[in-house]
Amino acid sequence: QVGECRITPPIRCCGVDYDETLLFAMLERGFRITNSDISSVVDLNAGEIWQNIHSKSRNMVRKAEKLGVTVSFKDGVDSFWELMDATYARHGVNPTHSKEQWTDLQNRFPGRIWCDIAYLENKPIAGVGHFAINERVDSSFYLARNPEYHDTQGMFLLISEVLKASKEAGYHYFDFGTSSVNMQARANIFLFKERFGAHGEFRHTLSWER
């Protein structure tokens with residue numbers, strides 16, 4: 001017998017046939033909403049990417065370009081993990097994946113999992129680790145950067161180029177991932193993503209126990 005069930009349905013932009021009626025039916029059958037976080041999503045078809053980026057973020061992009069920051073798409077894991085190590089060392093925690101696991105996933109799912117990297121004088125300074133959820137949605141599972149190069153604003157340039165590339169590749173949405181943890185908002189994360197045109201979508205977790 002099943003004693004308990006816990007499920008987090010995909011967010012709406014994924015195109016899955018999930019609506020409020022299903023949510024109601026689950027609640028009627030004894031499920032409870034045990035967590036609700038917000039995922040920040042950019043609608044890539046809502047006009048030109050550049051025009052939807054906030055003016056302050058566009059200024060950051062221009063600064064990075066003037067400094068000579070460049071972007072490399074579908075780059076190597078070694079450079080990306082250099083940024084991952086720098087990022088997670090600051091937080092004192094480990095990422096969800098090890099370098100070996102990420103490499104294995106890239107090899108198992110070519111074209112679905114990859115990393116893009118911003119460089120300054122051949123030094124990796126910012127990176128995005130992608131999971132393409134389906135043909136509609138590209139997502140950033142990891143945002144990583146070298147804090148020593150924060151003032152170069154390389155992440156702003158990288159994100160703007162990533163959004164353009166995702167649109168050109170035919171994706172309809174770019175999911176930045178959650179901007180809250182256990183129903184607690186991270187205001188600075190919300191602001192960063194919203195300045196690239198992101199809006200919020202609920203990611204509910206429902207639980208049932210016998």
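Up top is the structure.
Calculation criteria
Residues numbered from 1 in each chain as written. Predicted model: local features only at pLDDT ≥ 70, side-chain atom pairs only at ≥ 80, totals over all residues. Heavy atoms only, no water. Pairing = 2+ DSSP bridges. Helix = DSSP H or I, 4+ residues; strand = E, 2+ residues; numbered from the N terminus. Axes fitted to C-alpha atoms, helices over the stretch in contact; angles between N-to-C directions. Contact = heavy atoms within 4.5 Å.

J.: Looking at this structure, I do not really get the pairing of strand β10 (residues 198-209). What am I missing?
T.: In the sheet, strand β1 (residues 4-7) pairs with β10 via four bridges, with the strands oriented antiparallel. Paired with Ile7 across the bridge in β10 is Leu206. Where strand β2 (residues 32-43) and β10 come together, 10 bridges link them in antiparallel fashion. Paired with Ile38 across the two strands is Phe202, which belongs to β10.

J.: Where do I start with the sheet that holds strand β7 (residues 173-178) in this structure?
T.: In any sheet, the strands associate via hydrogen bonds between backbone groups, in a parallel or an antiparallel arrangement. Here we have eight strands laid out as an open sheet, ordered β1-β10-β2-β7-β6-β5-β4-β3, and mixed in their pairing. Of all strands in the sheet, those with a lone pairing partner are β1 and β3 (70-72), marking the two edges. Taken pair by pair, the neighbouring strands of this sheet meet at an average axis angle of 25°, ignoring direction. Relative to strand β4 (residues 113-120), helix α5 (residues 99-108) is tilted by about 115°, and along the sheet it contacts β4, β5 (123-132) and β6 (137-145). Packing against the sheet, helix α6 (residues 154-168) makes contact with β2, β3, β4, β5, β6 and β7, and its axis sits at approximately 35° to β5.

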